[in-house]
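Remarks on the overall topology
This is what each chain is made of:
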Amino acid sequence: TVLDKKNTDTAIIVSTGPSLTKQLPLLKEIQDFVTIVSVDASLPILEKNGIVPDFVTVIERVPETAKFFKQTSSDFQKKTTVICASLIHKETLEAIKGPKVITMRPHNYTKYFELDEFGYIGHGMSAANLAHELTVVMGFKKCILIGQDLAFSEDGNTHAKGHVFGEKDNNYKYKDLLVEKYGGGGTVKTAYIWNLFRDYFEKLSAQTKHLTEVINCTEGGSRIPETTEMSFKDAIEKYIDKSKKKEKIKLSSPTKREQEKYAKRIIKKINKIFKYADRYQKR
């Protein structure tokens, strides 16, 4: 479990919006004093800038996600822990060389196995949504967002400098939506899928603000309702305690006896599916 492994009171979620580039020098300065949760796409960028995240989140099912790990060294990956949704592409799973945790999303096909004691996480649609939910269930008092633009930059960029697929991704559909911009006083252009991600941030922030305050320090992109907007520099001065370095997060696996118990349960459930499918196919 990761629930009791919090090593600071504040977590920073590192996404790959165009504004991330300007925040990296500050993040590098404070990396020893704050918990860093990186989305998978940000991992190669962080390695190039000498920043080691505590956690990396993965939720996409497509094989292209594997490139984020193929372009990151094994030695670097071993310094962090990857939080994977239970349904991701095999190629991605094989590309992850460091410690990993397979989490179950709250869907019927995962709840079928009755592994409720491990819990469920991943209501949202993006790796950043998963990271946000992780900070809530782990009990962080503050969750700081950087690089969470969820909008096109003024020059049309979609991602930060050094992104694996480039700074301009033209594959977004329905990309002419206008939403309120960060800081208010106007609008910015976003894509349909980004707006869905934004909605999840808003909803979870509203539901859990008595547990975790979300501070949006992206300083660009779209406004995320139910979050507090603040410059990254001000948030660091206000919320990051530089008097004590964080400890390395270490996770443990279930005992061999526990693994055998869960394996029997899972095998029994899978065989039940096979029998049902076989009867259905014959009919």
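The present account deals with the structure reproduced in this document.

Bringing helix 8 (residues 192-208) into the picture now. For helix 8, built from 17 residues, the straight-helix expectation of 24 Å at 1.5 Å per residue is met to within 8% by its first-to-last C-alpha distance of 25 Å. Buried within helix 8 we find Trp194, Asn195, Phe197, Arg198, Phe201, Leu204, Ser205 and Thr208. Structurally, helix 8 contributes buried residues whose contacts are with helix 7 (127-137), strand 6 (142-146), strand 7 (177-180), strand 8 (187-190) and strand 9 (213-216).

With respect to topology, 8 strands assemble into an open sheet ordered 5-4-3-2-1-6-9-10, the strand pairing being parallel. Each of the sheet's edge strands pairs with one partner strand only, and the pair in question is strand 5 (100-103) and strand 10 (228-229). Pairing analysis gives 4 bridges linking strand 4 (residues 81-85) to strand 5, with the strands arranged parallel. Bridge pairing in strand 5 links Ala85 to Thr103. Running at roughly 160 degrees to strand 6, helix 9 (residues 232-239) makes contact with strand 1 (10-14), strand 6 and strand 9 of the sheet.

As a further point, take a nonpolar patch on the surface. Among the surface-exposed residues, Tyr174, Leu177 and Tyr192 lie close enough to one another that they form a single nonpolar patch of about 350 Å² accessible area. Take Tyr192: it is sitting in helix 8.

Let's shift gears to the packing of aromatic side chains. Evaluated as defined, the whole model comprises 6 aromatic pairs. With a centroid separation of 5.6 Å and 70 degrees between ring planes, the pair formed by Phe68 and Phe165 is classed as edge-to-face. Taken together, the residues Phe68 in helix 3 (residues 66-70) and Phe165 in the loop between strand 6 and strand 7 connect sequence positions 97 residues apart. Plain terms: the ring middles of Tyr276 and Tyr280 are 6.1 Å apart, the flat faces sit at 25 degrees to each other, and that makes the pair stacked. In this pair, Tyr276 and Tyr280 are both assigned in helix 10 (residues 256-282), 4 residues apart and thus about one turn of the helix distant. Taken together, the aromatic side chains of Phe152, Tyr172 and Trp194 make up a single cluster linked through ring pairs.

As a further point, take the pattern of salt bridges. The full count for this structure, using the stated rule, is 12 salt bridges. Put simply, Glu226 and Lys209 hold a salt bridge, and the shortest N to O gap is 3.1 Å. Here Lys209 lies in the loop between helix 8 and strand 9 and Glu226 lies in the loop between strand 9 and strand 10, a separation of 17 residues in the sequence. In the salt-bridge network here, residues are joined through shared partners; they are Glu180, Arg223 and Glu229.

The biggest cluster of nonpolar side chains holds 43 residues, and the ones touching the most others in it are Phe55, Phe69, Val82, Leu134, Leu145 and Trp194. Among the secondary structure elements, those contributing two or more residues to this core are strand 1, strand 2 (35-39), strand 3 (55-58), helix 3, strand 4, helix 7, strand 6 and helix 8. Sequence-distant contacts of Val82, defined by excluding residues within four places in its chain, comprise Val56, Val58, Phe69, Ile96, Pro99, Lys100 and Val101. Core analysis: the next-biggest nonpolar cluster, separate from the first, contains 23 residues, Val14, Leu27, Ile30 and Ile51 among them.

Here Ala235 is to be found in helix 9. Here the alpha-carbon distance between Ala235 and Asn216, two residues 19 residues apart in the chain, equals 9.3 Å. If near-sequence neighbours (up to four positions away) are discounted, Ala235 is found in contact with Ile144, Cys217, Met230 and Ile240.

Relative to the elements of secondary structure, Thr35 occurs in strand 2. Overall, the relative accessible area of 0% leaves Thr35 in the buried class. Looking at Thr35, its side chain comes within polar contact range of the side chain of Asn7, at 2.5 Å. Residues in contact with Thr35, not counting those within four places in the same chain, are Asn7, Thr8, Thr10, Ala11, Ile12, Asp54, Phe140 and Lys246.

Definitions and cut-offs
- Residues numbered from 1 in each chain as written.
- Predicted model: local features only at pLDDT ≥ 70, side-chain atom pairs only at ≥ 80, totals over all residues.
- Heavy atoms only, no water.
- Helix = DSSP H or I, 4+ residues; strand = E, 2+ residues; numbered from the N terminus.
- Expected span 1.5 Å × (residues − 1).
- Buried < 20%, exposed > 50% of the residue type's maximum accessible area, 1.4 Å probe, protein only.
- Contact = heavy atoms within 4.5 Å.
- Pairing = 2+ DSSP bridges.
- Axes fitted to C-alpha atoms, helices over the stretch in contact; angles between N-to-C directions.
- Patch = residues over 30% accessible without salt bridge, like charges linked within 9 Å, V, L, I, M, F, W, Y side chains within 5 Å.
- Areas by Shrake-Rupley, 256 points an atom, 1.4 Å probe, with all protein chains shown as cover.
- Salt bridge = Lys/Arg side-chain N within 4 Å of Asp/Glu carboxyl O.
- Phe/Tyr/Trp six-rings, centres within 6.5 Å; stacked < 30°, edge-to-face > 60°.
- Core = buried A, V, L, I, M, F, W, Y, C linked by side-chain atoms within 4.5 Å.
- Polar contact = N/O pair within 3.5 Å; in protein donor to acceptor, adjacent residues only side chain to side chain.

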